[in-house]
Amino acid sequence: MTTPSQQHFTPERPLRVAVIGSGPSGVFATEALLKQAEVPVQVDVFDRLPTPYGLVRYGVAPDHLTIKSVTKGFEKTLSDPRVRFLGNVEFGTDLTYDEARAHYDALIYTVGASSDRRLGIPGEDLKGSMSATEFVAWYNGHPDAAAREMVLNATGVAVVGVGNVALDVSRILVKTVEELQGSDIAAHALTALEQSPVQDVWVLGRRGPLQAKFTTKELREFGELSGADPIVKPEEIAVSEAEEAQVSDNVVKKNLEVLRDFAGRTPGGKPRRIHLRFLVSPVEILDDGQGNVGGLKVEKNRLDENGNAVGTGEYETLPVQMVLRSVGYKGVGLPGVPFDEKRGVIPNTEGRVEGRAGEYTAGWIKRGPSGVIGTNRKDAVDTVAHLIKDAQAGTLPTAGQPTRAAVDALLKSRGVDVYSFEDWQTLDAHELAQGQAQGRPRAKVVHKHEMLSHRRKEMQRAEG
Ligand code: NAP
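Each value, and the rule that gives it
- Residues numbered from 1 in each chain as written.
- Predicted model: local features only at pLDDT ≥ 70, side-chain atom pairs only at ≥ 80, totals over all residues.
- Heavy atoms only, no water.
- Helix = DSSP H or I, 4+ residues; strand = E, 2+ residues; numbered from the N terminus.
- Rg over C-alpha atoms; globule rule 2.2 N^0.38 Å.
- Buried < 20%, exposed > 50% of the residue type's maximum accessible area, 1.4 Å probe, protein only.
- Contact = heavy atoms within 4.5 Å.
- Areas by Shrake-Rupley, 256 points an atom, 1.4 Å probe, with all protein chains shown as cover.
- Lys, Arg positive; Asp, Glu negative; His and termini not counted.
- Charge placed at Lys NZ, Arg CZ, Asp CG, Glu CD.
- Pairing = 2+ DSSP bridges.
- Axes fitted to C-alpha atoms, helices over the stretch in contact; angles between N-to-C directions.
- Salt bridge = Lys/Arg side-chain N within 4 Å of Asp/Glu carboxyl O.
- UniProt positions renumbered as here; feature names shortened; annotations may be inferred.
- Domains from an automatic or database assignment.
- Buried area = accessible area lost by both parts, 1.4 Å probe.
- Arc of directions from axis to C-beta.
- Near = heavy atom within 4 Å.
- Polar contact = N/O pair within 3.5 Å; in protein donor to acceptor, adjacent residues only side chain to side chain.
- Nonpolar A, V, L, I, M, F, W, Y, C, P; charged D, E, K, R; others polar.

Novice: What exactly am I supposed to notice about the overall build of the protein here?
Specialist: The secondary structure content of the protein amounts to 19 helices and 18 strands. Relative to the 2.2 N^0.38 estimate, which gives 23 Å for 464 residues, the radius of gyration of the protein is 24 Å and therefore close to what a compact globule would have. Over its C-alpha atoms, taken along the principal directions, the protein stretches across nearly 70 × 60 × 40 Å. Within the span of the protein, comprising 464 residues, buried residues form 53% of the whole. Of the contacts made within the protein by residues no fewer than 6 positions apart, 76% connect residues no fewer than 24 positions apart. A total of about 20,500 Å² of accessible surface is found on the protein, and carbon and sulfur atoms cover 50% of it. If the 56 positive side-chain charges of the protein are averaged to one point and the 62 negative ones to another, these points end up 2 Å apart.

In C-alpha cells, the structure reads:
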C-alpha cells in the first residue's frame, strides 16, 4: 500500500519547500527536512541579504567565535544538492507571497526578530539613545547598519536590561583594542571603539540578581577583562536566606556567586568600569540642551510579592551621554503573511501558521526572542515534523509551477541579482584571507554593493 506522499512526492517530483530566512532556525529547518527519510525534498533557502546565517553572522558577539563555529554544520546543510541558497532576494518584493505559493508546496518562515522593543520613557529619541539591536548590527557589519554614523564620544554609557545582549554590548564597549583584534568585529567599529573615550558603563536591571536573564559564562567574562573592573553594590544583590533557599535554577545560583565575588573585589584601578546595577528602572533620558543624551534618571525599585519591580520614589541621575536599550528583540511581519503585532510573532500552533495550509514557522518569529542558538534546532525539528506529517496526509496545497527553473526565470525577469551559496563561499574565503593578512580571524565585507562587486570581479578573474 502506498501512502499519499509516495503517490504525490517522488525523487522526480519532490516536495518543494521554500525556507524564508537563512539564520539558525532556517538552516536547522532545512537540516531537519534533509534528515527525514519519509518524503523526497527539494529546498530553496531565501535571504534578503547576500550572506547566509542571519544572527550568527550579525547578532552573535564578534568576540564569541566559538559560538559561530556552528556554521561548519550550516555549510554542510546548504551545500547539499537538494538545497539551494538564494541570497539577496527579498520576500514580498523580489518574490511575492503569491509567487512563493505558486512555486513551492510548503513555506517555512524563519525570519527571526529583526526589530527591538522600546522603553516608552521621555527622551528615547534623543541623539545617543538607541537600541542595542542597532548597536550590535553596527559593530557586526550588518549591511543595513554599516552606513550608520555612530558617534562614540560618551564617557558614560547606560545599557538597560540584564540579558545576554546587554552583557555583549557592554563588554564590547569596554574591551581594549588588543582584545577586540582577536574578534571578527567590523573594521569601522574597531576604529571607532579604538578612539572611544568611554570610562563607565552602567548595566541596569529593573529587578534583582535572582531575576537577571544573563548566563554565568557571559557574566564571568566581566571579571577577566584587561581594561575594565566590574563593580557591584553589595546592597543591590542582597537576597534573604529564604529567597536563596528557593532558588532551584543552577544558572541563577552561579550568577549570584559571581556577583558576590565582584561585590567583594577591590577595583583594580583599570581605566574602565562596568557597574552592574539592580533594582533600578530608567524613567527619563535627559536632554543636554542640544538634543543629545545628557544623563539618565533612574528610579530605585523594590520587588513585590510576585517578583515585579515597584518604584520607591527615590531617584538618581547617571552621568551618561549614551543609552542603549537592551530590553529584547521584536519580530517584524512579512507581506502577505499573518502577524501578531502585539507579540511580534507569526500566529501558529506548534509551527503550523494559523489558517494557512502548507505554511509553517520556526525560531524567534514562531515563539519570540528567547533561548540560545541551539534552542532553535529542536524548535525547527518540531515544525518540520508537522510539515512532513501534513505532506504524508496529503493536506498541502500543490504548487502550480514546482521547478527550480521556474523560480530562476521569475527572479531573472525581475532583474534580481541572486547570490548563490558558491558566491558566499567565495566571499567567505576572501574575508578569511583578508583577516589573516591583518592578523584577525576575519575581515568582514559590510556593504551589499561590495559583496556584489566582489563576485563580479571573481567572475571576471575566472573568465581570464
Ligand atoms: P532577554 O534575555 O529577554 O533580556 C531582556 C532584559 O530586558 C531583561 O533583563 C528584562 O528584564 C529587561 N527589560 C525588559 N523590559 C524592560 C524595561 N522596560 N525596563 C528595564 N528592563 C527591561 O533578551 P536579550 O538580552 O535581548 O536576549 C535575547 C535572547 O538571546 C536570550 O534568550 C539570550 O539568552 C540570547 N542570547 C544569548 C547569547 C549567548 O548565548 N551568549 C548572547 C546574546 C543573546 P525583566 O526580566 O525584568 O523583564
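Novice: What is the right way to look at the sheet that holds strand β13 (residues 309-318) in this model?
Specialist: Strand pairing in a sheet relies on backbone hydrogen bonds, with the paired strands running either antiparallel or parallel. Across the sheet, which stays open at both edges, the 3 strands sit in the order β11-β12-β13 with antiparallel pairing between neighbours. On the outer flanks of this sheet lie β11 (280-287) and β13, each paired with one strand and no other. Going from strand to strand, the sheet's axes swing by 25° on average, the running direction of each strand aside. Sheet topology note: the β11/strand β12 (residues 293-303) ladder contains 7 bridges and is antiparallel. Bridge pairing in β12 places Asp-287 opposite Val-293.

Novice: Please clarify how the pattern of salt bridges should be interpreted in this entry.
Specialist: Across all of its chains, the model carries 38 salt bridges by this definition. The shortest N-O distance in the salt bridge between Asp-80 and Arg-82 comes to 3.0 Å. For Asp-80, a relative accessible area of 17% translates into the label buried. For Arg-82, a relative accessible area of 34% puts it in the partly exposed group. A salt bridge links Arg-101 to Glu-359, with the shortest nitrogen-to-oxygen separation between them at 3.3 Å. With a gap of 258 residues between them, Arg-101 in helix α6 (residues 97-103) and Glu-359 in strand β18 (residues 359-361) connect regions that are remote in the sequence. Salt bridges linked by common partners bring Asp-63, Asp-168, Arg-171, Lys-175, Lys-217, Glu-218 and Glu-221 together as one network.

Novice: What's the story with the UniProt feature "binding site: FAD" (unreviewed entry) in the protein in this structure? I'm lost.
Specialist: When the UniProt feature table is mapped to this numbering, "binding site: FAD" (unreviewed entry) covers Ser-25, Leu-55, Trp-364, Gly-371, Val-372 and Ile-373. With the annotated positions falling across 349 residues, the maximum pairwise C-alpha distance of 12.8 Å places them together in a single cluster. Within the secondary structure, Gly-371 sits in the loop between α15 (364-367) and α16 (375-393). Given the relative accessible area of 48%, Gly-371 is considered partly exposed. For Ile-373, the location among the structural elements is in the loop between α15 and α16.

Novice: Can you walk me through the domain arrangement of the protein in this structure?
Specialist: By convention, interface size is frequently given as the accessible area that disappears when the constituent parts associate. By the assigned domains, the protein splits into domain 1 (4-114 + 331-419) and domain 2 (118-328). Relative placement of domain 1 and domain 2: their C-alpha centres are 34 Å apart. Domain 1 puts 13 residues into the contact, and the matching count from domain 2 is 20 residues. Interface of domain 1 and domain 2: buried area, both sides summed, is about 1,300 Å²; carbon and sulfur atoms make up 53% of it. Considering only the side of domain 1, the residues that lose the most area to domain 2 are Tyr-58, Pro-62 and Asp-63, jointly responsible for 46% of the buried surface there.

Novice: Honestly, helix α17 (residues 404-413) in this entry has me stumped. Any pointers?
Specialist: Within α17 the residues assigned to the buried category are Val-407, Leu-410 and Leu-411. Summarising the axial view, the buried residues of α17 lie within an arc of 95°, below the 170-degree limit, and thus occupy one face. Across α17 from its buried face, at more than 90 degrees, point the exposed residues Ala-405, Lys-412 and Ser-413. Buried residues in α17 make contact with β1 (15-20), β2 (41-46), β3 (83-86) and α6. Where α17 ends, the next residue or the one after it, Gly-415, has phi of about 75°, a positive value.

Novice: How do you make sense of unusual backbone geometry when you look at a structure like this?
Specialist: As a rule of thumb, non-glycine residues mostly have phi less than zero, and peptide bonds are mostly trans rather than cis. One non-glycine residue, Tyr-53, lies in positive phi territory at about 90°. Positionally, Tyr-53 belongs in the loop between β2 and α3 (54-58).

Novice: How should the site of the ligand be read in this particular structure?
Specialist: By nearness alone, 23 residues border the ligand, and Val-162, Arg-206, Arg-207, Glu-218 and Gly-371 come closest of all. Asn-164 is positioned such that a nitrogen or oxygen atom in its side chain is 3.2 Å from an oxygen atom of the ligand. Contacts to the ligand include Arg-206, whose side-chain N or O atom sits 2.7 Å from an oxygen atom. For the ligand, whose free accessible area comes to 920 Å², the fraction covered by protein is 84%. Broken down by element, the shell around the ligand gets its largest block of residues, 3 residues, from helix α9 (residues 164-174). Its residues placed into classes, the shell around the ligand shows 10 nonpolar, 7 polar and 6 charged. Both of domain 1 (4-114 + 331-419) and domain 2 (118-328) provide at least three residues apiece to the shell around the ligand.

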